[in-house]
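Chain by chain, the residues run as shown.
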Amino acid sequence: MDHFLEEIVVRRRRALPEMLFYLSGAVMVLFAIVGFWMLTNLLSAFSLPALAITAFLCGVAVLIYLYRDRLRTEFEYTFTNGDLDFASVFNNQKRKNLGTMRVKNVESFGPVDSNAFRKLINMPGVKRRNWFLNRDAALYYFYYQKDQSRTIIVLEPTRDMVEMIRKYLPHGVYQA
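Quick summary incoming for the structure in this document. (Residues numbered from 1 in each chain as written. Predicted model: local features only at pLDDT ≥ 70, side-chain atom pairs only at ≥ 80, totals over all residues. Heavy atoms only, no water.)

Notes on helix H4 (residues 159-168)
Heads up, the condition is: The classification of residues rests on relative accessible area computed with a 1.4 Å probe and restricted to protein chains. Under 20% of the type maximum is buried, over 50% is exposed, and intermediate values are partly exposed. Numbering of helices and strands runs from the N terminus; a helix is a DSSP stretch of H or I covering at least four residues, while a strand is a stretch of E covering at least two. In this description, the arc belongs to the directions extending from the helix axis to the C-beta atoms. The contact criterion used throughout is that any non-hydrogen atoms of two residues lie within 4.5 Å.
Turning to H4, its buried residues number three or more, namely Met161, Val162, Met164 and Ile165. Down the axis of H4, the buried side of the element spans an arc of 165 degrees, and every buried residue falls inside it. In this structure, H4 carries Arg159, Asp160 and Lys167 as exposed residues pointing more than 90 degrees from its buried face. On its buried face, H4 is in contact with strand S1 (4-9), strand S2 (73-80), strand S3 (83-90), strand S5 (108-111) and strand S7 (140-146).

Quick look at the structure:
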């Protein structure tokens, strides 16, 4: 029998990110309109300060266009027979694969509020990857070593996901 579970983590308090998303759209359009208007004026009378301002306004509009989808980020965890896939979804349109992990290769797993996590996070040379959205959620960590680099992944799985992960962990890896 296959064990499969997929979870999508969304931000609980979404008022500020939603407001920033719509505000960034308005600022992007405003900067683009003013930038292109100044560009047409540059064709008739060239000046270096006007060129710098035009480049700045158009550049900010392009950067907002490229990065505003990140205000609506969701994380997706997919567990399939001992393999855990991580993905980040931006604005329900773009998907970025963050990686795949075999649960049996994990050296430590448990809740973030445990003493084992405090010991691991204070070790020198540990890379921390935060793949969660809600700080007040029940957060869990994975600690593993690969190619002489030590990594801790912090995420927010549901209780069902945690129980399914614990079935595939080696003995003694779960740190409560």
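Digging into the packing of aromatic side chains
Operational definition: By convention, a stacked pair of Phe, Tyr or Trp rings (six-membered ring in the case of Trp) has centres within 6.5 Å and planes under 30 degrees apart, an edge-to-face pair has planes over 60 apart, and any other such pair is tilted. Put simply, a charge is over a ring when the Lys NZ or the Arg CZ is close to the ring centre, within 6 Å, and near the line of the ring normal, within 35 degrees.
By the definition in use, this model includes eight aromatic pairs. Ring geometry for Phe79 and Tyr168: centres 5.4 Å apart, planes at 65 degrees, overall edge-to-face. Of the two residues, Phe79 is situated in strand S2 and Tyr168 in helix H4; the sequence distance between them amounts to 89 residues. Overall, Phe79 belongs to the buried group, its relative accessible area being 0%. Geometrically, the ring pair formed by Phe117 and Tyr141 is tilted, given 5.2 Å between the ring centres and 45 degrees between the ring planes. Linking Phe117 in helix H3 (residues 115-121) with Tyr141 in strand S7, this pair joins segments that are 24 residues apart in sequence. For the pair formed by Phe117 and Tyr141, the shared burial category is buried. Cluster of aromatic residues (ring-pair linked, three or more members): Phe109, Tyr140, Phe142 and Tyr174. The aromatic ring of Phe21 is capped on one face by Arg68, whose charged end is 4.0 Å from the ring centroid. For Arg72, the ring lying beneath its charged end belongs to Phe21, and the centroid distance is 3.8 Å.

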